[in-house]
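Understanding the architecture of this molecule
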Amino acid sequence: GLAQHHAAHLAVTHFDERLAEIGVTGLSFVVTTNRTEQMRQSAENLRMLAATAPGLHRGLLLNQRFGNFEFLAGSRPAAVYRDLRKAAGDCAIITIPAVVGESWKACEDAGLSMAEVVRSTPAEFAKKTGLDAFTSAACVTEVAAFWDLSEKALRSVLRFRAGPAQ
């Protein structure tokens, strides 16, 4: 799939080496939900990434869109998750909470991106979605809280240097 194409491109271009030559630290995240097949594929992708671009830092992003990553001991999902964590090794692991239920559904139904929702006032959101003011305020607040939690999780792992003064 796309991950194999990505890994092949990294290997052919020696992307990690090119970044190192110019003093840039590269980072590649593998994203998964708690679905067994997706976790299995993500474990494979982490291993492939380590083999094809060893100079890149790797990260694992656990997307809780379909639920958390707690599984019944001894179950197949628990075994696959254990393998995923083993494949991740010491790479950065970030858990992104889900935007629950109706809040994100209203956004999707209106064709709004996450950034558009976060930048919207409740009144603007109500106009775009046809929802009442109270429900719009609740939706915007929940999506903004998700955005904030996600940003904090990413910033806890990604340490960017200040760029040169412009």
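Note: the structure precedes this text.
Predicted, not measured: the structure shown is a model, and the values here were computed from it.

A closer look at the packing of aromatic side chains
Applying the stated criterion across every chain yields a total of three aromatic pairs. Seen from their ring centres, Phe69 and Tyr81 are 5.6 Å apart, and the 35° between their planes marks the pair as tilted. With Phe69 in the loop between β2 (57-63) and α4 (76-88) and Tyr81 in helix α4, the pair connects residues that are 12 residues apart, well separated along the chain. Summarising the burial analysis for this pair, Phe69 and Tyr81 share the class buried. Over the aromatic face of Phe66 sits the side chain of Arg35, whose NZ or CZ is 3.6 Å from the ring centroid.

What about the environment of Phe134?
By the secondary structure assignment, Phe134 is in helix α8 (residues 133-157). Sequence separation between Phe134 and Ala123 is 11 residues; the distance between their C-alpha atoms is 9.5 Å.

A look at unusual backbone geometry
The backbone phi angle of His14 is positive, close to 50°, even though this residue is not glycine. Assignment of secondary structure puts His14 in the loop between α1 (2-13) and α2 (15-21). We classify His14 as partly exposed; its relative accessible area is 37%.

Thoughts on the sheet that holds strand β1 (residues 27-32)
Read across the open sheet, the three strands follow the order β1-β2-β3; overall the sheet is parallel. A strand with exactly one partner marks an edge of an open sheet, and here the two such strands are β1 and β3 (92-96). Across the sheet, the mean angle separating the axes of adjacent strands is 25° when strand polarity is ignored. In this structure, β1 lies alongside β2, joined through six bridges in parallel fashion. Bridge pairing in β2 places Leu27 opposite His57. Across the sheet, α8 lies against β1, β2 and β3, angled at about 175° from β3, the strand it touches most.

Let's talk about the side chain of Thr33
Turning to its location among the elements, Thr33 is positioned in the loop between β1 and α3 (36-52). Here Gln38 takes part through its side chain, which lies 2.5 Å from a polar atom of the side chain of Thr33. Excluding anything up to four places from it in sequence, Thr33 contacts Gln38, Met39, Asn63, Phe66 and Phe69.

Topic: α4
Given a rise of 1.5 Å per residue, 13 residues ought to cover 18 Å, and the 18 Å separating the end C-alpha atoms of α4 matches this to within 8%. Along α4, the residues that are buried comprise Ala78, Val80, Tyr81, Leu84, Ala87 and Ala88. Buried residues along α4 sit against β1, α3, β2 and β3. Gly89, located one to two residues past α4, shows a positive phi value of around 55°.

Criteria and cut-off values
- Residues numbered from 1 in each chain as written.
- Predicted model: local features only at pLDDT ≥ 70, side-chain atom pairs only at ≥ 80, totals over all residues.
- Heavy atoms only, no water.
- Phe/Tyr/Trp six-rings, centres within 6.5 Å; stacked < 30°, edge-to-face > 60°.
- Helix = DSSP H or I, 4+ residues; strand = E, 2+ residues; numbered from the N terminus.
- Buried < 20%, exposed > 50% of the residue type's maximum accessible area, 1.4 Å probe, protein only.
- Lys NZ or Arg CZ within 6 Å of the ring centre and 35° of its normal.
- Pairing = 2+ DSSP bridges.
- Axes fitted to C-alpha atoms, helices over the stretch in contact; angles between N-to-C directions.
- Contact = heavy atoms within 4.5 Å.
- Polar contact = N/O pair within 3.5 Å; in protein donor to acceptor, adjacent residues only side chain to side chain.
- Expected span 1.5 Å × (residues − 1).

Geometric descriptors of this kind do not, in isolation, establish any biological role.
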